[in-house]
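Listed below, chain by chain, are the residues.
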Amino acid sequence: MTELTKAELKEFQAKLIEIRARIKGDVKDLTEETLGRDHGESRTPTPPAELGSETYEQDFSLSLIRNEEEVLEDISAALARLESGEYGVCLKCLEAGKPVKKSMIPKARLKAIPWAKNCVECERQREIYG
């Protein structure tokens, strides 16, 4: 694995900024749609079955919003690592004491998930063992 070039770092930065803007818009729209509904203001009573469906949809939407907000936090952290020169380095490998050269996240992983903070193996271990 090799370190990222300045051009690649700029490319990842632009991609992160683009994704962040899109997700922020999605979160805003979903929040307005979910919380901006006219609950209880209709003139006709809502049947109980519809209330259950509305509640489920609202809970599902709020869950999506929380997930997107977590991704936004991860993107902000990745942009901070870009600024500090630590972008592309697996944080778990560093914690384990591996040298930086051996702790690089593969470019293919960064292209798929530009906010990734762990290499594939460390992420697999985190998912298995928590």
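### Concerning the pattern of salt bridges
Applying the stated rule across the entire model yields 6 salt bridges. Salt-bridge contacts for Lys107 lead to Glu8; the nearest nitrogen and oxygen are separated by 3.0 Å. One end of the pair, Lys107, is in helix α4 (residues 107-112); the other, Glu8, is in helix α1 (residues 6-35), and 99 residues separate them in sequence. By relative accessible area, Lys107 is classed as partly exposed at 27%. On the accessibility criterion, Glu8 (21% relative accessible area) is partly exposed.

### A look at helix α2 (residues 48-84)
With 37 residues, α2 extends 54 Å between its outermost C-alpha atoms, agreeing within 8% with the 54 Å of an ideal straight helix rising 1.5 Å per residue. Every buried residue of α2 is listed here: Ser61, Ile65, Val71, Leu72, Ile75, Ala78, Leu79, Arg81 and Leu82.

### So, the packing of α1 against α2
If you want to describe how two helices pack, look at the angle between their axes and the distance between the axes. α2 packs onto α1 with a crossing angle of 155° between their chain directions and a minimal axis gap of 9 Å. With respect to α2, the axis of α1 lies roughly antiparallel. The interaxial crossing formed by α1 with α2 has left-handed handedness. Residue classes in the contact of α1 with α2 are distributed as 18 nonpolar, 5 polar and 6 charged.

### Some remarks on the nonpolar core
Ranked by size, the top nonpolar core spans 22 residues in total, and within it Leu16, Ile23, Ile75, Tyr87, Cys90 and Leu110 carry the most contacts. For this core, the elements supplying multiple residues, two or more each, are α1 and α2. Sorting elements by how many residues they give to this core places α2 first, with 7 residues. Once you skip the residues sitting within four places of it in the chain, Tyr87 turns out to touch Leu4, Leu9, Phe12, Leu16, Ala78, Arg81, Leu82, Leu110 and Pro114.

### Structural notes on the confidence of the model for the chain
Here the chain averages 89 in pLDDT, while 91% of its residues score no lower than 70. The secondary-structure element of the chain with the lowest mean pLDDT is α2, recorded at 91, while α4 shows the highest, at 96.

### Points about a negative patch on the surface
Together, Asp26, Asp29, Glu33 and Glu57 line one region of the surface with negative charge. In terms of residue count, α1 provides more of the negative patch than any other element does, 3 residues in total. For Asp29, the location among the structural elements is in helix α1.

### A word on the packing of aromatic side chains
Geometrically, a pair of aromatic rings is defined through the distance of the ring centres and the angle of the planes. Taken as a whole and judged by the stated rule, the model has 2 aromatic pairs. Ring geometry for Tyr56 versus Phe60: centroids 6.3 Å apart, planes at 20°, classification stacked. A residue pair is termed a helical-turn pair when its members lie 3 or 4 positions apart in one helix, as Tyr56 and Phe60 do in helix α2 at 4 residues.

About the criteria used
Residues numbered from 1 in each chain as written. Predicted model: local features only at pLDDT ≥ 70, side-chain atom pairs only at ≥ 80, totals over all residues. Heavy atoms only, no water. Salt bridge = Lys/Arg side-chain N within 4 Å of Asp/Glu carboxyl O. Helix = DSSP H or I, 4+ residues; strand = E, 2+ residues; numbered from the N terminus. Buried < 20%, exposed > 50% of the residue type's maximum accessible area, 1.4 Å probe, protein only. Expected span 1.5 Å × (residues − 1). Axes fitted to C-alpha atoms, helices over the stretch in contact; angles between N-to-C directions. Parallel < 35°, antiparallel > 145°, perpendicular 65-115°, else oblique. Left-handed = near helix turned anticlockwise from the far one by under 90°. Nonpolar A, V, L, I, M, F, W, Y, C, P; charged D, E, K, R; others polar. Core = buried A, V, L, I, M, F, W, Y, C linked by side-chain atoms within 4.5 Å. Contact = heavy atoms within 4.5 Å. pLDDT = per-residue confidence, 0-100. Patch = residues over 30% accessible without salt bridge, like charges linked within 9 Å, V, L, I, M, F, W, Y side chains within 5 Å. Areas by Shrake-Rupley, 256 points an atom, 1.4 Å probe, with all protein chains shown as cover. Lys, Arg positive; Asp, Glu negative; His and termini not counted. Charge placed at Lys NZ, Arg CZ, Asp CG, Glu CD. Phe/Tyr/Trp six-rings, centres within 6.5 Å; stacked < 30°, edge-to-face > 60°.

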